[in-house]
Amino acid sequence: MSAVAEPPASRAPSRSPARTPALSPASGPSRCGRNASDAGADLGAAQDAELRSVDLNYVIKLLEAPYSKDLEKEQLKTLKKVLKHFENGFPLKDLAQITEILSLCAEKVNEQEAFTEPLCELIKLCGLPFQKKKSSDEVSYSVAVSKSIAQLGYLMRVPSSHVRTQICKCIVSFYNVELPRKILPGYQPTSANYKIQMAELGGLAETLVLSLALVENQLTEKLWVLKALQHLSSSGVNCRLMMKAQAASRLCLYLNGVDPSGQLVFRSSEILWNLLENTSKEEVVNQLSSLECVHALKEVFVDLLMHGFRHYDRQLRNDLLVIATLLAENPAAPMIESGFTELLIVLATFTEVKIPNSLVKGFKLTYCYEDFELKKLLFNVLGILSKDPRAVPLLSENGVMPALLYYVKPNQKPGFPDWSAAQYEELQLHAIAVLALVAPVLVDKYLSCQANTLLLVFLEWCICQAPFSGQGNSFHGTGGRGNKLAQMRYSLRVLRSVVSLYDEAVNLNLCDQGAISQLLDILKYAANKSKEKEEAILLEMEADILFLLSALCENDLHRKELFSYEGVDILIPFIQMDPKKLYSGLGHNRLLFTALDCLWSCVIGCYIAEDCFLEKQGIFLLLDLLALKQKNLCNIILGILVEFCDNPKTALHINTWRGEKDQTAANLLIELWRQEECELGVKRDQYGRIVDVKRPIASNFQKQQEVIPIPANYPSFAIMEISENIRAKLYLLLCKLGFENLPGLSAKDFVTLAIIRHYIDFKVGEVWSELCAELKEEFRPVESDEEALKVISEVPESTGKMVAALQAEVLESKHHKEIQEEEKAYTKIRAIHKQREMVNKSWENFLTRVSNYEALKKAKRLQEKSIEASRCKSMTQNEAVHSTDIKGLGTTIGSGRLVTVESTPPQLIGGPLAAADPARRKPSVCEGALKNIKRVKTLDLVKKDSVPVE
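Just so we're clear, the structure is a prediction, and the values are computed from it rather than from any experiment.

Asks: Quick question: what am I supposed to make of the overall build of the protein here?
Replies: Looking only at helices and strands, the protein has 43 helices and two strands in total. The proportion of buried residues among the 950 residues of the protein is 44%. Put simply, 76% of the contacts in the protein that link residues at least 6 apart link residues at least 24 apart. Summed over all atoms, the accessible surface of the protein reaches about 51200 Å², with 54% contributed by carbon and sulfur.

Asks: Explain the packing of aromatic side chains here, please?
Replies: Counting across every chain of the model gives 17 aromatic pairs. Taken together, a centroid distance of 5.8 Å and an interplanar angle of 50° make the contact between Phe-301 and Phe-340 tilted. Taken together, the residues span a long stretch of sequence, with Phe-301 in helix 16 (residues 291-307) and Phe-340 in helix 18 (residues 340-348) at a distance of 39 residues. As far as burial versus exposure is concerned, Phe-301 and Phe-340 are alike and both buried. When the centroid spacing of 5.3 Å and the interplanar angle of 25° are considered together, the rings of Phe-613 and Phe-644 count as stacked. You can see Phe-613 sitting in helix 31 (residues 607-615) and its partner Phe-644 sitting in helix 33 (residues 631-644), a full 31 residues away along the chain. Here Phe-613 and Phe-644 have matching classes, each one buried. Three or more aromatic residues joined by ring pairs make a cluster, and in this case those are Tyr-367, Tyr-369, Phe-372 and Trp-419. Over the ring of Tyr-254 we find Lys-222, and its NZ or CZ is 4.8 Å from the ring centre.

Asks: Is there a simple way to think about empty space enclosed by the protein in this case?
Replies: Unfilled space is identified by rolling a water-sized probe across the atoms. Within this structure, the stated rule accounts for six cavities of 30 Å³ or more. Surrounding the largest cavity, Gly-127, Leu-128, Pro-129, Ser-173, Phe-174, Val-177, Thr-190, Ser-191, Ala-192 and Lys-195 form its lining. Considering only residue class, the lining of the largest cavity consists of five nonpolar, four polar and one charged. Contributing to the lining of the second largest cavity are Leu-95, Ile-98, Thr-99, Leu-102, Cys-126, Phe-130, Ser-148, Ile-149 and Leu-152. Put simply, the parts of the chain that give the lining of the second largest cavity at least two residues each are helix 4 (95-109) and helix 7 (142-154). Of all the elements, helix 4 adds the most residues to the lining of the second largest cavity, at four residues. A breakdown of the residues in the lining of the second largest cavity according to their chemical character gives seven nonpolar, two polar and no charged.

Asks: What's the story with unusual backbone geometry in this structure? I'm lost.
Replies: Residues other than glycine predominantly adopt negative phi, and peptide bonds predominantly adopt the trans conformation. Despite not being glycine, Lys-661 has its phi angle at roughly 55°, a positive value. Tracing the sequence through the fold places Lys-661 in the loop between helix 34 (650-656) and helix 35 (665-680). The backbone of Asp-662 shows a phi angle near 60°, a positive value even though the residue is not glycine. Exposure remark for Asp-662: the relative accessible area of 55% places this residue in the exposed category.

Asks: Help me out: how do you make sense of the pattern of salt bridges in this one?
Replies: Opposite charge on two side chains permits them to pair, given that their charged atoms come into close proximity. Taken as a whole, this structure holds 39 salt bridges when the rule is applied. Linking Lys-533 and Glu-535 is a salt bridge whose minimum nitrogen-to-oxygen distance equals 4.0 Å. In this structure Glu-535 comes out as partly exposed when scored by relative accessible area, which is 26%. Close ionic contact of Asp-646 with Lys-736 constitutes a salt bridge, the shortest N to O distance being 3.0 Å. Taken as a pair, Asp-646 in the loop between helix 33 and helix 34 and Lys-736 in helix 38 (residues 727-737) lie far apart in primary sequence, 90 residues in all. Overall, the relative accessible area of 47% leaves Asp-646 in the partly exposed class. A single network of salt bridges, built from pairs that share partners, joins Glu-677, Arg-684, Glu-721, Arg-727, Lys-763 and Glu-766.

Asks: How should I be thinking about the side chain of Glu-677 in this particular structure?
Replies: With respect to the secondary-structure elements, Glu-677 resides in helix 35. Within the structure, Glu-677 has its side chain in polar contact with the side chain of Arg-684 (distance 2.9 Å). Ignoring sequence-local partners within four residues, the contact set of Glu-677 consists of Val-682, Arg-684, Ile-697, Arg-727 and Ile-755.

Asks: How should the packing of helix 40 (residues 759-778) against helix 41 (residues 783-851) be read in this particular structure?
Replies: A pair of packed helices can be characterised by two numbers: the angle between their axes and the separation between those axes. Between helix 40 and helix 41, whose axes approach to 9 Å, the crossing angle comes to 145°. For the pair helix 40 and helix 41, the sense of crossing is left-handed. When helix 40 is examined against helix 41, the residues Asp-761, Phe-762, Gly-765, Trp-768, Cys-772 and Leu-775 are found in contact with a partner set consisting of Leu-789, Ile-792, Ser-793, Pro-796, Thr-799, Gly-800 and Val-803. Of the residues assigned to the contact of helix 40 with helix 41, the class counts are eight nonpolar, four polar and one charged.

Asks: Mind showing me how you'd approach the nonpolar core here?
Replies: Nonpolar side chains tend toward joint burial in soluble globular proteins. Formed by 246 residues in total, the largest nonpolar core has its most connected members in Ile-101, Leu-275, Tyr-446, Leu-549, Leu-622 and Leu-626. It is helix 28 (residues 536-553) that provides the largest number of residues to this core, a total of twelve residues. The residues touching Leu-626, leaving out its near neighbours within four places in the chain, are Cys-634, Ile-637, Leu-638, Leu-641, Leu-668, Leu-669 and Leu-672.

Asks: Help me understand the packing of helix 24 (residues 451-463) against helix 25 (residues 485-499), please; the structure alone is not making it clear to me.
Replies: Running from amino to carboxyl end, helix 24 crosses helix 25 at an angle of 155°, the nearest separation of the two axes being 10 Å. What the angle tells us is that helix 24 and helix 25 run roughly antiparallel. For the element pair helix 24 and helix 25, the recorded crossing hand is left-handed. Facing helix 24, whose interface residues are Asn-452, Leu-455, Phe-458, Leu-459, Trp-461, Cys-462 and Ile-463, helix 25 presents Gln-487, Met-488, Ser-491, Leu-492, Val-494 and Leu-495. Tallied by class, the residues present in the contact of helix 24 with helix 25 amount to ten nonpolar, three polar and no charged.

Asks: It is not clear to me how the environment of Val-158 should be interpreted in this structure. Could you clarify?
Replies: Here Val-158 shows up in the loop between helix 7 and helix 8 (161-173). Separated by 52 residues in the primary sequence, Val-158 and Ala-106 have C-alpha atoms spaced 6.4 Å apart. Sequence-distant contacts of Val-158, defined by excluding residues within four places in its chain, comprise Ala-106, Val-109, Val-163 and Arg-164.

Asks: Is there a simple way to think about helix 11 (residues 219-232) in this case?
Replies: Note that an α-helix has 3.6 residues per turn; residues three or four places apart therefore point the same way. The first and last C-alpha atoms of helix 11 sit 20 Å apart over 14 residues, in line with the 20 Å expected at 1.5 Å per residue. Here helix 11 has its buried residues at Glu-221, Lys-222, Leu-223, Val-225, Leu-226, Ala-228, Leu-229, Gln-230 and Leu-232. Here the buried face of helix 11 lies against helix 8, helix 10 (204-210), helix 12 (236-244), helix 13 (247-253) and helix 14 (263-278).

Asks: Is there a simple way to think about the side chain of Arg-314 in this case?
Replies: Here Arg-314 shows up in helix 17 (residues 311-328). An unpaired buried charge is present at Arg-314: no salt bridge exists, and Asp-371, the closest side chain of opposite charge, is 4.1 Å distant.

Asks: Whenever I open this one, a nonpolar patch on the surface confuses me. Can you help?
Replies: Where nonpolar side chains cluster on the molecular surface, the patch consists of Ile-760, Val-764, Trp-768 and Leu-771 and spans about 320 Å² of accessible area. Its place among the elements puts Ile-760 in helix 40.

Asks: I keep staring at the environment of Glu-221 and nothing clicks. Help me out?
Replies: Structurally, Glu-221 can be placed in helix 11. Taking C-alpha positions, Glu-221 is 9.8 Å from Val-163, a pair spaced 58 residues apart along the chain. Residues contacting Glu-221, with those up to four places away along its chain left out, are Ser-161, Arg-164, Thr-165 and Val-215.

Cut-offs used in this document
- Residues numbered from 1 in each chain as written.
- Predicted model: local features only at pLDDT ≥ 70, side-chain atom pairs only at ≥ 80, totals over all residues.
- Heavy atoms only, no water.
- Helix = DSSP H or I, 4+ residues; strand = E, 2+ residues; numbered from the N terminus.
- Buried < 20%, exposed > 50% of the residue type's maximum accessible area, 1.4 Å probe, protein only.
- Contact = heavy atoms within 4.5 Å.
- Areas by Shrake-Rupley, 256 points an atom, 1.4 Å probe, with all protein chains shown as cover.
- Phe/Tyr/Trp six-rings, centres within 6.5 Å; stacked < 30°, edge-to-face > 60°.
- Lys NZ or Arg CZ within 6 Å of the ring centre and 35° of its normal.
- 1 Å grid on protein atoms, 1.4 Å probe; cavity = no way out; pocket = protein on both sides within 12 Å on 5 of 7 lines; lining within 4 Å.
- Points joined across faces, edges and corners; volume = space filled by probe spheres on them.
- Nonpolar A, V, L, I, M, F, W, Y, C, P; charged D, E, K, R; others polar.
- Salt bridge = Lys/Arg side-chain N within 4 Å of Asp/Glu carboxyl O.
- Polar contact = N/O pair within 3.5 Å; in protein donor to acceptor, adjacent residues only side chain to side chain.
- Axes fitted to C-alpha atoms, helices over the stretch in contact; angles between N-to-C directions.
- Left-handed = near helix turned anticlockwise from the far one by under 90°.
- Core = buried A, V, L, I, M, F, W, Y, C linked by side-chain atoms within 4.5 Å.
- Parallel < 35°, antiparallel > 145°, perpendicular 65-115°, else oblique.
- Expected span 1.5 Å × (residues − 1).
- Lys, Arg positive; Asp, Glu negative; His and termini not counted.
- Patch = residues over 30% accessible without salt bridge, like charges linked within 9 Å, V, L, I, M, F, W, Y side chains within 5 Å.

The following block contains the structure:
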């Protein structure tokens, strides 16, 4: 924000108050005739006259005049008038001239000591709020004010302790604003933060840091400067200005200065903390990373450690330890060279490992809260130092491993002689957390201390029913309130950190102690807990256990067999996870990936475990996950399925699987191929056919790559591309399933399948294409080689054309089949229409017969004629002839249920059928009556449906 300062006032001689004419009641208008505006104008004029009574321009000229004894008295007298006149604060419009007066006085102090007091008084008045007439004055005079405040910092060059102290007091007063006893009429004080903002704008903090060199040997002045910097460092702007002046390194060098009051260390550490909070931590640490600064920090820390007995001293000691911890994170800091690293390591193991060391001789831990915080900070330093390879020998030599393993034991009693139960639990969890960082770099010490045994016993205690009430009241105790989950969590982290090294000695030691069986028990315990309530800490532990099992069983058939007996049953529910939980944020995603990794490492390669997994329909679960088509899952699942296909039973399971809408596995794999090619930008037409026969499977990125010669041992881009997408795995899986007789494929799938089938041919062609391009860039092949390269280059193109022709044939066959199916559909439709026409025609004929008597007679004649034509023309001897007419019936439709059977002719009685003929038997009375009833009912029905014919 820019502001234009008000132009300086004219340097006309001012009038003294005595000479200013005053208006008497008789000389002006009557009082009752004057309005409020006239009175306000007169009052303002009187105030301006009062302010103009001191001519600052005259004062400046007077101070600039050559030195003389009489002139000095006049100058001092004039300065007293200025002080008296502005005793309630400086107006903003006069501040530029006041600044000039301050500079002139500062110059005179070097030779004329009498000007010291007026200069100090003027500086003191600068601590009062400035006076403004209008609210906009703060903005209008901002540039002039910022320069005036910056001038205070430059006045630190005055070789006067009184002046320097007064400057610091003035700066401190910016933050402790005190209103003047009297406010000038027509003026008002500036806002409380105005001076602070102007100090930031003028760069006062940077100047004050540089002035530390001037007061290096004056303790009082140095403390006042530090107090002023302490206030200024509360602002981020000031902290950045201070860092430009190397404030961090300057302050650190003064830490070990002689100061009985202790303020030097206190104020310096406070400023360092503000710098760390308000600026770049890396920049502060870099400034503190000199050998001199580290030595100074170490000396102050040791002094407070050994001789600080007050509560305040212990707090300050811990604050310095935090700064030392930040330095330990910087590899460039000479912590080892200064001996600070070894001192911190010895302190961290002081109570757990009783090793006499001169570095801590005389140190006693009092077990108060500050010493408890010290212990935690020292553990934290151990974790940081474990990342520095140069510090590893010091960690090994000073008993860090046994000191941390001291806490890997069950909590057997609620209280401890040194720490409370809650404090001990917090230290225990912190120590085990640090052990996870230290153990991988001290593997030999880890094994020699039998750490695996201690951890397995500790984990056994964690899942046993022994009563324990965890406090869970610290960062490391999250989720451990009233249970042992926090202890189990960090113990598993330690095992994970050492097992992830894939050190065979560590893994063999674990397996020899039955770690696989015990880890499965812990996994079952955690899974049962998760059923009650899913928590992030439980999911994390389950994922860690699955990783441990993967690392232990990988490439070892015997361990896989040990896992298979109950591990597959435990593993299945993790793979059967609800996909909706993957986005819960609790860690289900990581848990699923570790479960798949465990499946790959612990099951595949062991036929016992594989068969058990197949029996439990594990392949179906994998295909269900694959059907989600999530990019991060597809790659690992396809890899597992490819490995599983080495088992001859797997292909049947894959082909048997059916997804949503009866989707087959083959169709799913081909859909994934099309989706992958779409993401890679491979060109295909609307039917999925090849567009570019020269580079059929090349992605957009491949086509954009320029020819770059690469070393022979470096894979080309065509080879690297294989690992960056899932097409190679899809090809391998379909190869193992076979490209023939795949169920559930459409014509579009067969078009894509033709490309997949020749994937390896196209990939070989891409490699040859890259090779030819590189050769032509650097060499000129001989004629025979060029001809051979030409033939080789034509092979992929001919393969592409052949596949394109096959795709066209598939599509043509599909088109022909669709036409045939369409014709069948039309034939069926025509048959349906013809049947409907016949039904309609039959109905019309029936209506004609029942409504037109002549038509009925004609139909009757045609019926009789048809019956006659259907009879056999040749008659055998003794053959009975029965009439088909029903007498008295006039109908041309079916005769219903009426059947009349005539008796056998006399000439046939006694024939071969006589014995079996029921007609020869005499019917009983009941049978005759029943027949008569049936005949009557049948005749009634026929009469209702018939029309009489004359």
